[in-house]
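# Commentary on secondary and tertiary structure
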Amino acid sequence: MNYRATAPLTRGPRARRTAPAALAALTLTALTACTAGGVDGTPGAAGVRDPFFPKLGNGGYDVAHYGLKLGYDPESRHLTGTAEITARATKNLSAFNLDLKGLEVKEVTVEGKEARFSRAGDELTVRPRDDLDRGETFRATVRYSGTPQTVTDADGSKEGWLKGEESALAVGEPAGSMAWFPGNNHPSDKAVYDIEITVPKGLKAISNGELTNETTTNGRTTFAWHNAEPMASYLATVAIGAYDTKKSMTSKSNSGIPVFTAIDPTMPEGKYEKTEKVLAKIPEIMDWAEINFGDYPFSSTGAIVDDRVNLGYALETQTKPVFPASDADTSTLVHELAHQWFGNSVTPKTWQDMWLNEGFATYAEWLWEEDNGGDSAQDTFDALYEGDYYEDEEDNEAIWDFPPARQPDAASISDEPVYDRGAMVIHKIRKTVGDDTFYDIVQGWAKAYRHGNANTKDFTEYVEKHAGDDESREELKQVWADWLYGDGKPDNP
C-alpha cells in the first residue's frame, strides 16, 4: 500500500495506512424458524485474535472459494449480492460467523438448507440446520443487499466502498472488504475468487484476475472475473465506471504475463497522458522484478487508475493495483507491483507483520532507483539515517518512533517505521550476507512461502538458515536486536 506522506527532496513517495473505524453498535436480527440439528458441535470463534484487530476473521473453518455475484446501480448506489462460500470445518461446528458491515441479509443457506442467522455489529452468525463435522466441506450461500458503506480509518483515509459520479471502487486494507461481501476477513484465510458484477450498459466492472465472460442483456452488462490463485480478502477489489482499458503482454518475461490496464477517461488532459506513459512501463518493471524476486506468482498483472472516488493512496489489490492519478508514478508502480510477491503471495499471518509487506516493497523502490541510474540503496539508507531524506524534520524523526516489528497499536501498522525502517532492515541483511546470498534469500523466501502466510519469526529464521556462515548469522541476530526490535535510532548505521 502507498499512502502519501510528505515527499522527500528527490526520491519516491512513502506510504502509510492505519486501523479501521470502530465496530458498529450492537443490532440483532433473527429470521427463519429452522430447527437446529444435533448438539455435538460448538460455535466457531467471532474473531481470530489478531493482535491489532481481534474481531476480524473467524474461527472454526477455512475458506477455499468465494463465488460473488453482484449487481450495482451507481445512480441509486444500491448493491445486491449473492455470496457462495465453500469452506472446510476445522472443528465440529454448531454455528459459525462471517464478517459483514451494514447491508441487509435476506437469506442464508448451508448445504442448500435454510439456516438461522443473527447480526451483532459487524458479525453475521450462521446456525446451520445440521451440525458441521470437523473436516467436512460445506457451502454457505448468503443473499444480501443495501447501500455499501465507506469506512473511515483512524488516520482519516477511506476504504470499503468508495462512491463517485457514475462510478465506485472497493478497497479493503485492513478491514474494508466486509463492506461489500461477507467472509472470513483476515489475511490468514486466503481463497480463490470468482467475482461477477452486473452494471448498467456502457459502464465497465473490473476485478482481480482474468475476465472470463462479458454479456449484455436488457440494458445491463455482466463481467465475470476469475482469480485462480489464493487471495486474502483485503486484496479483493471491484472498480465500476467508464474506463479506457488495454490488454497486452509482458514483452521479455519468460512467463509471458498478460497485462490489463484501466484508466479513468475523465482525468484532465496532461494527467491522462502521463498516466499512460507510466503504465506502459509495467512490462519493463515486471521483467526487472522477476530477475530480482523470482517467478511472478500470479497469472496476470495490470493496474487501475481512477480519479473519481477520492482514494488518496495506492493499494496493491491482487493482480491490479489501484491508484489515484496523483500516485500513478513509476516509483509507486514499482512499490505496488513488488507487493504482488511481498504481501499478496507471501501474506502476513497477522497485521502485526505488516513490515514484511511494506519493508520489501519500499526496498524494491530503492533497488529500482539503483538499477536505473538513480541513488543507490546505500545512498537512500544513509540519507534516512542522517535525517536529510525528507523536507520535513518531523518526517525524518518519525522513522525512529518505534521498531518495525513492534508497532505500538493498530493505528501505527502503516506508519513511517514500517516502511522506511523496514526497508533499512532489508538493506542491513543485504550488507551482512552480500549480494549473491541476499538475492538467493529474497527469491528463496518468495518461493518457500508462495501463496502462503508468514510472520516475522518465520522470516528471521529463514534468513539465518540461509545466511551462509556462522559469523553472518551472529551479525544478523544483532540486526534483529538493533533494527527490527530495538527502540530508537541504532548507534551504528
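Source: prediction; values computed, not measured.

## Let's talk about the sheet that holds strand 19 (residues 244-249)
- With respect to topology, 4 strands assemble into an open sheet ordered 19-20-21-23, the strand pairing being mixed. Looking at which strands have only one partner, the edges of the open sheet turn out to be strand 19 and strand 23 (322-323).
- The pairing of strand 21 (residues 301-305) with strand 23 spans 2 bridges and is parallel. From the neighbouring strand, Val 305 faces strand 23, where its bridge partner is Phe 323.

## Here we look at the packing of helix 9 (residues 456-465) against helix 10 (residues 470-484)
- Relative orientation of the contacting elements helix 9 and helix 10 amounts to 150°, with a least axis distance of 9 Å. Classified by the angle between their axes, helix 9 and helix 10 sit roughly antiparallel to one another. Note on packing geometry: the crossing formed by helix 9 with helix 10 is right-handed. Between helix 9, through Thr 456, Thr 460, Val 463, Glu 464 and Lys 465, and helix 10, the contact on the second element is made entirely by Arg 473, Leu 476, Lys 477, Trp 480 and Leu 484.
- Of the residues that constitute the contact of helix 9 with helix 10, the class distribution is 4 nonpolar, 2 polar and 4 charged.

## Points about the nonpolar core
- Core analysis: the biggest nonpolar cluster contains 144 residues, and Phe 96, Trp 180, Phe 293 and Ile 429 have the highest contact counts within it.
- Considering every element that reaches this core, the biggest residue donor is helix 4 (residues 354-371), with 9 residues.
- Beyond its immediate chain neighbours, meaning those up to four positions away, Ile 429 contacts Phe 438, Phe 459, Val 463, Leu 476 and Trp 480.

## Considering the pairing of strand 17 (residues 220-231)
- Looking at chain direction, strand 14 (residues 191-200) and strand 17 are connected through 9 bridges and run antiparallel. Among the inter-strand pairings, Tyr 193 is bridged to a residue of strand 17, identified as Asn 227.
- Between the end of strand 16 (residues 210-217) and the start of strand 17, which pair antiparallel, lie 2 residues, with Asn 218 showing a positive phi angle near 50°.

## A word on the side chain of Thr 250
- As for its placement among the helices and strands, Thr 250 is situated in the loop between strand 19 and strand 20 (258-263).
- A polar contact is formed between the side chain of Thr 250 and the backbone nitrogen of Ile 257, at a distance of 2.8 Å.
- Setting aside residues up to four positions removed in sequence, Thr 250 forms contacts with Gly 256, Ile 257, Val 259, Pro 283, Met 286 and Asp 287.

## What about the pattern of salt bridges?
- One pass over the full model with this rule turns up 14 salt bridges.
- The salt bridge partner of Arg 308 is Asp 264, with a shortest N-O separation of 3.5 Å. With a gap of 44 residues between them, Arg 308 in the loop between strand 21 and strand 22 (313-314) and Asp 264 in the loop between strand 20 and helix 1 (271-279) connect regions that are remote in the sequence.
- Given a relative accessible area of 16%, Arg 308 falls into the buried group.

## A few points about the packing of helix 2 (residues 282-293) against helix 3 (residues 330-338)
- The N-to-C vectors of helix 2 and helix 3 enclose an angle of 50°; their axes lie 10 Å apart at closest approach. When the axis of helix 2 is compared with that of helix 3, the two are oblique. Seen from above, helix 2 lies across helix 3 with right-handed handedness. Across the interface between the two elements, Ile 282, Ile 285, Met 286, Trp 288 and Phe 293 of helix 2 pack against Thr 330, Leu 333, Val 334, Leu 337 and Ala 338 of helix 3.

## Description of helix 4
- Compared with the 26 Å implied by 1.5 Å per residue over 18 residues, the 26 Å span of helix 4 between its first and last C-alpha is a close match.
- Most of helix 4 is tucked away, with 15 of its 18 residues classed as buried.
- Looking one or two places after helix 4, you find Gly 373, whose phi comes out positive at around 85°.

## What to know about the sheet that holds strand 3 (residues 61-73)
- If you walk across this open sheet you meet the 8 strands as 7-6-10-4-3-14-17-16, and the pairing is mixed. Each end of this open sheet is capped by a strand with a single partner; those strands are strand 7 (113-114) and strand 16.
- In this structure, strand 3 lies alongside strand 14, joined through 7 bridges in parallel fashion. Bridge pairing links Tyr 66 to Tyr 193 in strand 14.

## Quick look at the packing of aromatic side chains
- Counted under the stated rule, the structure contains 31 aromatic pairs.
- Judged by centre distance (4.3 Å) and plane angle (10°), the rings of Phe 342 and Phe 360 are stacked. Of the two residues, Phe 342 is situated in the loop between helix 3 and strand 24 (347-348) and Phe 360 in helix 4; the sequence distance between them amounts to 18 residues. Take Phe 342 and Phe 360: they sit in the same class, and that class is buried.
- Summarising the aromatic geometry, the rings of Phe 360 and Phe 459 are spaced 5.6 Å apart at their centres and angled 85° between planes, so their arrangement reads as edge-to-face. Of this pair, Phe 360 sits in helix 4 while Phe 459 is found in helix 9, placing the two residues 99 residues apart along the sequence. For the residue pair Phe 360 and Phe 459, the accessibility class agrees, reading buried in each case.
- Note that Arg 308 overlies the ring of Tyr 243, its terminal NZ or CZ placed 4.8 Å from the centroid.

Thresholds, definitions, all that
- Residues numbered from 1 in each chain as written.
- Predicted model: local features only at pLDDT ≥ 70, side-chain atom pairs only at ≥ 80, totals over all residues.
- Heavy atoms only, no water.
- Pairing = 2+ DSSP bridges.
- Helix = DSSP H or I, 4+ residues; strand = E, 2+ residues; numbered from the N terminus.
- Axes fitted to C-alpha atoms, helices over the stretch in contact; angles between N-to-C directions.
- Parallel < 35°, antiparallel > 145°, perpendicular 65-115°, else oblique.
- Left-handed = near helix turned anticlockwise from the far one by under 90°.
- Contact = heavy atoms within 4.5 Å.
- Nonpolar A, V, L, I, M, F, W, Y, C, P; charged D, E, K, R; others polar.
- Core = buried A, V, L, I, M, F, W, Y, C linked by side-chain atoms within 4.5 Å.
- Buried < 20%, exposed > 50% of the residue type's maximum accessible area, 1.4 Å probe, protein only.
- Polar contact = N/O pair within 3.5 Å; in protein donor to acceptor, adjacent residues only side chain to side chain.
- Salt bridge = Lys/Arg side-chain N within 4 Å of Asp/Glu carboxyl O.
- Expected span 1.5 Å × (residues − 1).
- Phe/Tyr/Trp six-rings, centres within 6.5 Å; stacked < 30°, edge-to-face > 60°.
- Lys NZ or Arg CZ within 6 Å of the ring centre and 35° of its normal.

These results come straight from atomic positions and should not be treated as a statement about function.
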